Amino acid sequence: KQFVDFEEIIKTKSGEEKFWRFTSTTIDRTIINQHENIIMTIANDITDTYKVQKKLEESNAKLEEFAHVVSHDLREPLRKIAGFTQILQKNIGSELNNEDANFLHLIINGASRMQKMIISILKYASISSEQDIHSVINLQEIVQELVGYDLVELINEKDVEINRNLQVQEII
């Protein structure tokens, strides 16, 4: 059987717009002992659903705009922190003791991680519901990247054990 779906906006006598979804199909005339084909149509008032969907779309557009503004506003100071720290590292790096040099390294890495997080949040906020957001993730690469960050204090504080020898398959 073939179904036909369509939506229509219908104005009531009071001028209010109502949103309707119609689904139609033919019924085999032999089933009901008729000589002519019969078309059956079901009508559903989807006004409330339509209004909620429109509000959600507007809200998502505002969220995406907000994410772009916040992203720009947060990334600029991070660029300055990373840039000036790199200048310090270049200018006085050879004069620093190991601990101070490590602090500069931690600042640069922290700013870089924060940049990546902001970009990820921006990408997440920009995803429309029609895009395929699934992708293959290699957990081994993620673990390696996380271990590469200077998270020693946090790892010790949370009493985390990292086993890098696990055989992990890619997941979607």
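Quick note: structure is the one above.
These lines cover the structure that appears in this document, whether it is placed above or below. (Residues numbered from 1 in each chain as written. Predicted model: local features only at pLDDT ≥ 70, side-chain atom pairs only at ≥ 80, totals over all residues. Heavy atoms only, no water.)

1. Here we look at the packing of aromatic side chains
Cut-off, in case you're wondering: Two aromatic rings from Phe, Tyr or Trp, using only the six-membered ring of Trp, form a pair when their centres are within 6.5 Å; if the ring planes differ by under 30 degrees the pair is stacked, by over 60 it is edge-to-face, and anything between is tilted. Helix numbers and strand numbers start at the N terminus; a helix is a DSSP run of H or I with at least 4 residues, a strand a run of E with at least 2. Per-residue accessibility, obtained with a 1.4 Å probe over protein chains only, is compared with the maximum for each type, and a residue is labelled buried under 20%, exposed over 50%, and partly exposed between these values.
Counted under the stated rule, the structure contains 2 aromatic pairs. Ring plane angle 20 degrees and centroid distance 5.2 Å describe the contact between Phe6 and Phe22, whose orientation is recorded as stacked. Of this pair, Phe6 sits in strand β1 (residues 3–11) while Phe22 sits in strand β2 (residues 17–27); the two residues are 16 residues apart in sequence, bridging distant segments of the chain. Look at Phe6 and you get partly exposed, because its relative accessible area is 36%. Between Phe19 and Tyr50, the ring centres sit 3.7 Å apart and the planes meet at 20 degrees, which makes this aromatic pair stacked. With Phe19 in strand β2 and Tyr50 in helix α1 (residues 47–92), this residue pair connects regions lying 31 residues apart in the sequence. By relative accessible area, which is 11% here, Phe19 ends up buried.

2. Quick notes on the sheet that holds strand β3 (residues 38–45)
We apply this condition: Two strands qualify as a pair provided DSSP detects at least 2 bridges between them. Simply put, an axis is a line fit to the C-alpha atoms, just over the touching stretch for a helix, and the angle between two N-to-C directions goes from 0 to 180 degrees.
Taken in spatial order, the 3 strands make up an open sheet running β1-β2-β3, and their pairing is antiparallel. Edge positions in the sheet fall to β1 and β3, since each has one partner strand and no second. Across this sheet, the average inter-strand angle for adjacent strands is 25 degrees, counted without regard to direction. Of the pairings in the sheet, the one linking β2 to β3 comprises 8 bridges and is antiparallel in character. Opposite Arg21, over in β3, you have Asn44 as the bridge partner.

That is the geometry; function is a separate question.
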